[in-house]
Amino acid sequence: MGNPPNIIITGSARGIGAATAVEAGRAGYRVCVNYVNNRDAAESVVARIQSEGGEAIAVRADVSDPAQVKLLFEETTRNLGPVTHLVNNAGVPGRIGRVEELHEQTLRRTFEVNVFSAFLCAQEFVKRASTRHGASGGTIVNVSSMAARSGSPGELVHYAAAKAALEAFNYGFAAEVATEGIRVNAVSCGLIDTDIHAEAGDAERVRRYATRMPMQRAGRPEEVAQAIVWLLSDKASYVTGAVLPVAGGR
Ligand code: NAP
């Protein structure tokens, strides 16, 4: 790829996505900071990238909606150039609780944002990046969770199941496009200190669980970002279909 790479990072106004956007800007990517609600937070990520000499734009799109995903890719292409890299980071946890208490709408939304969005963004990405469509390839990283392996009983079984589906997508899709210049990998995050725990209904979750981790602390968004940017890069040129735990030994 001769031109600077162009990346869309879904849900990058806050948390792991925001840290990845900043790290990608430092690594020379032109960055599309996608958000759904928090425009000010997205704009401040853009400003931070620009203050470090990088190029970035903020684009609002609910990535669970096919029409908005299409517009996200079109606007990024118009402003930055062809999309060469994608991080499927946007995610919602739903509310903590037992399966029998789970509302159908929460179940649907959890799968829409954590799973459907990855399919929708991958579809738009492949049309633009695959050698099958005359482009020169690219890389995708999906952001998963160790919950896919633990199942998160009593708390977030719906979320764990969605992330397990995301990992099945990661394996299958990686193999499907492996000869088309596209690598597809995932990071499996452990306990990372972001807003997501408060959104799930337990703002104290990080504090309560941190010392139960083998490293006896939660991870920082920047520590996940480093792993994502490595998987995106040519340094990981023979890595595809992998799920890399970034979980402090959990
Ligand atoms: P976060 O701080 O709550 O940030 C979530 C981001 O996703 C926000 O920027 C939000 O946008 C965006 N978002 C939510 N729904 C969206 C939608 N429909 N369309 C576009 N963007 C949307 O969460 P985080 O902890 O950084 O989580 C990032 C990813 O890591 C998620 O996939 C999560 O499941 C995964 N993960 C996190 C942990 C952890 O312990 N933190 C562990 C395992 C996996 P707005 O700011 O505009 O609302």
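Positions within a chain are numbered from 1, following the residues in the order the chain's sequence is written. In keeping with the model being predicted, local features are shown solely for residues with a pLDDT of at least 70 and side-chain atom pairs are shown and tallied solely at 80 or more, while totals for entire chains, interfaces and linings include all residues. Where side-chain values are given, they derive from all heavy atoms of the structure, hydrogens and water being excluded.

The chain is annotated in an unreviewed UniProt entry as NAD(P)-dependent dehydrogenase (Short-subunit alcohol dehydrogenase family) of Hydrogenophaga laconesensis. In its Sequence similarities (unreviewed entry) section, the UniProt record describing the chain reads: "Belongs to the short-chain dehydrogenases/reductases (SDR) family." UniProt positions are given in the numbering used here, feature names are shortened, and annotations may be inferred rather than shown by experiment.

1. A look at the pairing of strand S6 (residues 182-189)
Successive side chains on a regular strand alternate, one facing one side of the sheet and the next facing the other. Within S6, eight of the eight residues are buried, leaving the element largely enclosed by the surrounding structure. Of the two faces of S6, the one lined by Ile182, Val184, Ala186 and Ser188 and the one lined by Arg183, Asn185, Val187 and Cys189 are each fully buried. In this analysis, strands are considered paired if DSSP registers two or more bridges between them. Strands are runs of DSSP state E lasting at least two residues, helices are runs of H or I lasting at least four, and both sets are numbered from the N terminus onward. Alignment of strand S5 (residues 138-145) against S6, held across eight bridges, turns out to be parallel. Bridge assignment links Asn142 to a residue of S6, and that residue is Ala186. Pairing between S6 and strand S7 (residues 243-246): four bridges, direction parallel. Residue pairing across strands places Val187 opposite Leu244, the latter belonging to S7. Exposed residues in this analysis have more than 50% of their type's maximum accessible area, buried residues have under 20%, and partly exposed residues fall in between, with area computed by a 1.4 Å probe over protein chains only.

2. Points about the sheet that holds strand S1 (residues 6-9)
Strand order in the open sheet formed by seven strands is S3-S2-S1-S4-S5-S6-S7, with parallel pairing between adjacent strands. One side of each edge strand has no neighbouring strand; the edge strands of this open sheet are strand S3 (56-60) and S7. Within the sheet, the average angular offset between the axes of one strand and its neighbour, ignoring direction, is 20°. With three bridges connecting them, S1 and strand S4 (residues 85-88) associate as parallel partners. Bridged to Ile8 within S4 is Leu86. Contacts were defined at the residue level, with two residues in contact if any of their heavy atoms lie within 4.5 Å. Comment: axis = line fitted to C-alpha atoms, over the contacting stretch for helices; angle = value between 0 and 180 degrees taken between N-to-C directions. Those strands touched by helix H4 (residues 104-129) are S4, S5 and S6, and its axis lies near 175° from that of S4. Sheet strands in contact with helix H9 (residues 221-232) are S1, S4, S5, S6 and S7, and its direction is about 165° off that of S6.

3. Here we look at the site of the ligand
In these notes, residues near a molecule or strand are those with any non-hydrogen atom within 4 Å of it. Looking at the ligand, there are 34 residues lining it, with Arg14, Asn37, Asn89, Tyr159 and Thr194 nearest. We call two N or O atoms a polar contact when they sit within 3.5 Å, provided that within protein one can donate a hydrogen and the other can accept it, with sequence-adjacent residues counted only if both atoms are side-chain atoms. Contacts to the ligand include Val63, whose backbone N or O atom sits 3.1 Å from a nitrogen atom. The backbone of Ile192 places a nitrogen or oxygen atom 2.9 Å from an oxygen atom of the ligand. Protein chains bury 97% of the 900 Å² of accessible surface belonging to the ligand in isolation. Looking at the shell around the ligand, the elements with two or more residues in it are helix H1 (15-26), strand S2 (30-35), H4, S5, helix H6 (157-176) and helix H7 (196-199). Grouping the amino acids of the shell around the ligand by side-chain chemistry returns 15 nonpolar, 13 polar and six charged. To be clear on the numbers: accessible area is Shrake-Rupley with a 1.4 Å probe, and residue cover counts the displayed protein chains and nothing else. Residue polarity is assigned by list, with Asp, Glu, Lys and Arg as charged and Ala, Val, Leu, Ile, Met, Phe, Trp, Tyr, Cys and Pro as nonpolar; anything else, Gly included, falls into the polar class.

4. Section: the nonpolar core
Nonpolar cores are built from buried Ala, Val, Leu, Ile, Met, Phe, Trp, Tyr and Cys residues. Side-chain atoms within 4.5 Å join them into one set. By size, the foremost hydrophobic cluster in this structure holds 30 residues, and its most contacted members are Ile7, Val31, Val33, Ile49, Val187, Val224 and Ile228. Counting only elements with at least two residues in this core, the list comes to S1, H1, S2, helix H2 (39-51), S5, S6 and H9. Excluding its chain neighbours within four sequence positions, the residues that come into contact with Ile7 are Ala24, Tyr29, Arg30, Val31, Cys32, His85, Leu86, Val87 and Leu232. Ranked by size, the runner-up nonpolar core spans 28 residues in total, among them Ile8, Cys32, Val69 and Ile182.

5. Here we look at the state of the cysteines
Where two cysteines share a covalent bond between their sulfur atoms, that bond is called a disulfide. Any two cysteine sulfur atoms lying within 2.5 Å of each other are counted as a disulfide. Following the criterion strictly, the structure yields zero disulfides and no others. The structure places no disulfide on Cys189, whose sulfur is separated from the nearest cysteine sulfur, that of Cys121, by 17 Å.

6. So, H1
Taking 1.5 Å of rise per residue, twelve residues should cover 16 Å, and H1 covers 17 Å from first to last C-alpha, within 8% of that figure. Counting buried positions along H1 yields ten of twelve residues, so the element is predominantly enclosed. Looking at the buried residues of H1, the elements they touch are S1, S2, H2, S4, S6 and H9. Once H1 ends, the next one or two residues include Gly28, with phi positive near 100°. Working rule for helices: expected span equals 1.5 Å times residues minus one.

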